[in-house]
Amino acid sequence: MLVGIITGSGTYALPDFEDAAPDRIDTRWGGADVTRGRFAGTDAVHLSRHGEGHARLSNQVNHLANIAALKEAGCAAVVGCTACGAVDGDIQLGSLVMFDDLHFLANRLADGSICSFYAEEGDPERGHWIYESPFCEPLRGALAAAARQAGIEARDGGCYGHVDGPRFNTRTEIAQLAAAGVTAVSQTAGPETVLCGEAELPYALMGFATDYANGVKERATPVEELIRLMGESTGRFAAVLAAALPKLDAKTLSPAGVVYRFEQG
């Protein structure tokens, strides 16, 4: 099976990515630069959200093109990796969270438009994405099991909170998210989750805690510590992926929920 791997801040290339070949996939929403190859013996397409050198801030990521490109490439599943700020103070910095829920109330892209592939009236593919959990449970579970196998501390479950960025959030904003049950936040995975749902791509998201969000602790995490931990995230993500990908079976992975489409009159 072909697996899509999306990485964010701090991870612009995957270590030990074999037969790596850059490619550009053009979609109706724009082009996406990817790298094709093999990771841990599994055919994979790697997509860096921000690009080499962090060329794109969170508000400049073309999520529509990215997810459409992975779909067109033939990916049977997608794993998202994100550096994130812990909202739950019990999360240990440097540990992982395998998210099982989403807080993304605005459901909008950075330009203010609704986060959906269905922008045109009468689109034959249009539909409502209906689900109990927004993530593919077998894929999410495989990542959690892989973390245990690799000896990496990871919370099995948690609510991912999408925040707009590129600024960080105030204490009051974080307190509101904490009251809503959010475990950790970052600035890119909300649209990915929704668009993978609409594209009927099994998707799971793992976060690496690089800092405590404002107000979570008495003192803010020093920027130097955040940057140091961000540098460690690549190895942790790679270790989990290396343990998980060889065990994935496309037959056991299905998209989260269903897309209810409307028959043409």
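Relevant structure appears above.
Keep in mind that what you see is a predicted model, and the values were worked out from it rather than measured.

Peer 1: Sorry, what's going on with the overall build of the protein chain here?
Peer 2: Along the backbone of the protein chain there are five helices and 13 strands. In terms of C-alpha radius of gyration, the protein chain reaches 17 Å, essentially the compact-globule figure of 18 Å for 265 residues. With the C-alpha coordinates aligned to their principal axes, the bounding extent of the protein chain is approximately 60 × 40 × 35 Å. Looking at the 265 residues of the protein chain, the share that counts as buried comes to 51%. Here the contacts in the protein chain between residues at least 6 apart in sequence split such that 81% fall between residues at least 24 apart. Just so you have it, the protein chain exposes about 12100 Å², and 48% of that area is on carbon and sulfur atoms. The positive charge centre, built from 21 side chains, and the negative charge centre, built from 34, are 2 Å apart in the protein chain.

Peer 1: Any chance you could explain helix α2 (residues 137–150) here in plain terms?
Peer 2: Count 3.6 residues to each turn of an α-helix, and residues three or four apart come out pointing the same way. With 14 residues, α2 extends 20 Å from end C-alpha to end C-alpha; this agrees with the ideal 20 Å at 1.5 Å per step. Buried within α2 are the following residues: L139, R140, L143, A144, A146 and A147. In a view along the axis of α2, the buried residues occupy a sector of 160 degrees, so they form one face of it. For α2, exposure combined with an orientation more than 90 degrees from the buried face picks out R148 and Q149. The first or second residue beyond α2 is G151, which carries a positive phi of 70 degrees.

Peer 1: Help me understand the packing of α2 against helix α5 (residues 223–244) in this model?
Peer 2: Pairs of packed helices are described in terms of their axes, by the angle between the two and the distance that separates them. Taken N-terminus to C-terminus, the directions of α2 and α5 make an angle of 110 degrees; their axes are 8 Å apart at the nearest point. Between α2 and α5, the interaxial angle falls into the category roughly perpendicular. Residue-level inspection shows A142, L143, A146, A147, Q149 and A150 of α2 in contact with α5, the latter providing A239, V240, A243 and A244. Residues belonging to the contact of α2 with α5 are distributed by class as follows: nine nonpolar, one polar and no charged.

Peer 1: Can you walk me through the pairing of strand β10 (residues 159–162) in this structure?
Peer 2: In regular strands, side chains alternate between the two faces of the sheet. Neither face of β10 is exposed, since C159 and G161 on one face and Y160 and H162 on the opposite face are all buried. Examined bridge by bridge, strand β7 (residues 101–103) and β10 share three bridges and lie parallel to one another. Bridging from a neighbouring strand, D101 pairs with C159 of β10. With three bridges connecting them, β10 and strand β11 (residues 184–186) associate as parallel partners. Across the sheet, Y160 pairs through a bridge with A184, a residue of β11. Following the backbone out of β10, through helix α3 (residues 171–179) and into the adjacent parallel β11, one traces a crossover that is right-handed.

Peer 1: How should the nonpolar core be read in this particular structure?
Peer 2: Side chains that are nonpolar tend, in soluble globular proteins, to be buried together. Core analysis: the largest hydrophobic core is formed by 42 residues, its most contacted members being I67, F99 and F117. For this core, the elements supplying multiple residues, two or more each, are β3 (30–39), β4 (42–48), α1 (63–73), β5 (77–86), α4 (189–198) and β12 (203–212). Among the elements that take part in this core, α1 stands out by supplying six residues, more than any other. Excluding its chain neighbours within four sequence positions, the residues that come into contact with F117 are W29, L64, I67, A68, D123, L195, E198 and A199.

Peer 1: What is the right way to read the environment of W29 from this model?
Peer 2: Examined against the element boundaries, W29 turns out to sit in the loop between β2 (18–27) and β3. The exposure class of W29 is partly exposed, given its relative accessible area of 26%. Separated by 36 residues in sequence, W29 and A65 place their C-alpha atoms 5.0 Å apart.

Peer 1: What is the right way to look at the pairing of β4 in this model?
Peer 2: With six of seven residues buried, β4 lies mostly within the body of the structure. In the sheet, strand β1 (residues 3–7) pairs with β4 via five bridges, with the strands oriented parallel. Bridging across to β4, V3 finds its partner in A44. Here β3 pairs with β4 via five bridges, running antiparallel. Looking at the pairing, T35 lines up with H46 of β4. Between the end of β3 and the start of β4, which pair antiparallel, lie two residues, with A40 showing a positive phi angle near 55 degrees.

Peer 1: Sorry, what's going on with the packing of aromatic side chains here?
Peer 2: Each aromatic ring pair is summarised here by two numbers: the centre-to-centre distance and the angle between the ring planes. Throughout the structure, instances matching the rule amount to six aromatic pairs. Between W29 and F117, the aromatic rings sit 4.9 Å apart at their centres with planes inclined by 55 degrees, giving tilted as the arrangement. Placement of W29 in the loop between β2 and β3 and of F117 in the loop between β7 and β8 (127–130) is noted, with a sequence separation of 88 residues between them. Judged by centre distance (4.2 Å) and plane angle (40 degrees), the rings of W129 and Y131 are tilted. By relative accessible area, Y131 is classed as partly exposed at 38%. Between K217 and the ring centre of Y212, over which it is positioned, the NZ or CZ distance is 4.9 Å.

Parameters at a glance
Residues numbered from 1 in each chain as written. Predicted model: local features only at pLDDT ≥ 70, side-chain atom pairs only at ≥ 80, totals over all residues. Heavy atoms only, no water. Helix = DSSP H or I, 4+ residues; strand = E, 2+ residues; numbered from the N terminus. Rg over C-alpha atoms; globule rule 2.2 N^0.38 Å. Buried < 20%, exposed > 50% of the residue type's maximum accessible area, 1.4 Å probe, protein only. Contact = heavy atoms within 4.5 Å. Areas by Shrake-Rupley, 256 points an atom, 1.4 Å probe, with all protein chains shown as cover. Lys, Arg positive; Asp, Glu negative; His and termini not counted. Charge placed at Lys NZ, Arg CZ, Asp CG, Glu CD. Expected span 1.5 Å × (residues − 1). Arc of directions from axis to C-beta. Axes fitted to C-alpha atoms, helices over the stretch in contact; angles between N-to-C directions. Parallel < 35°, antiparallel > 145°, perpendicular 65-115°, else oblique. Nonpolar A, V, L, I, M, F, W, Y, C, P; charged D, E, K, R; others polar. Pairing = 2+ DSSP bridges. Right-handed = clockwise from strand over helix to strand, strands pointing away. Core = buried A, V, L, I, M, F, W, Y, C linked by side-chain atoms within 4.5 Å. Phe/Tyr/Trp six-rings, centres within 6.5 Å; stacked < 30°, edge-to-face > 60°. Lys NZ or Arg CZ within 6 Å of the ring centre and 35° of its normal.

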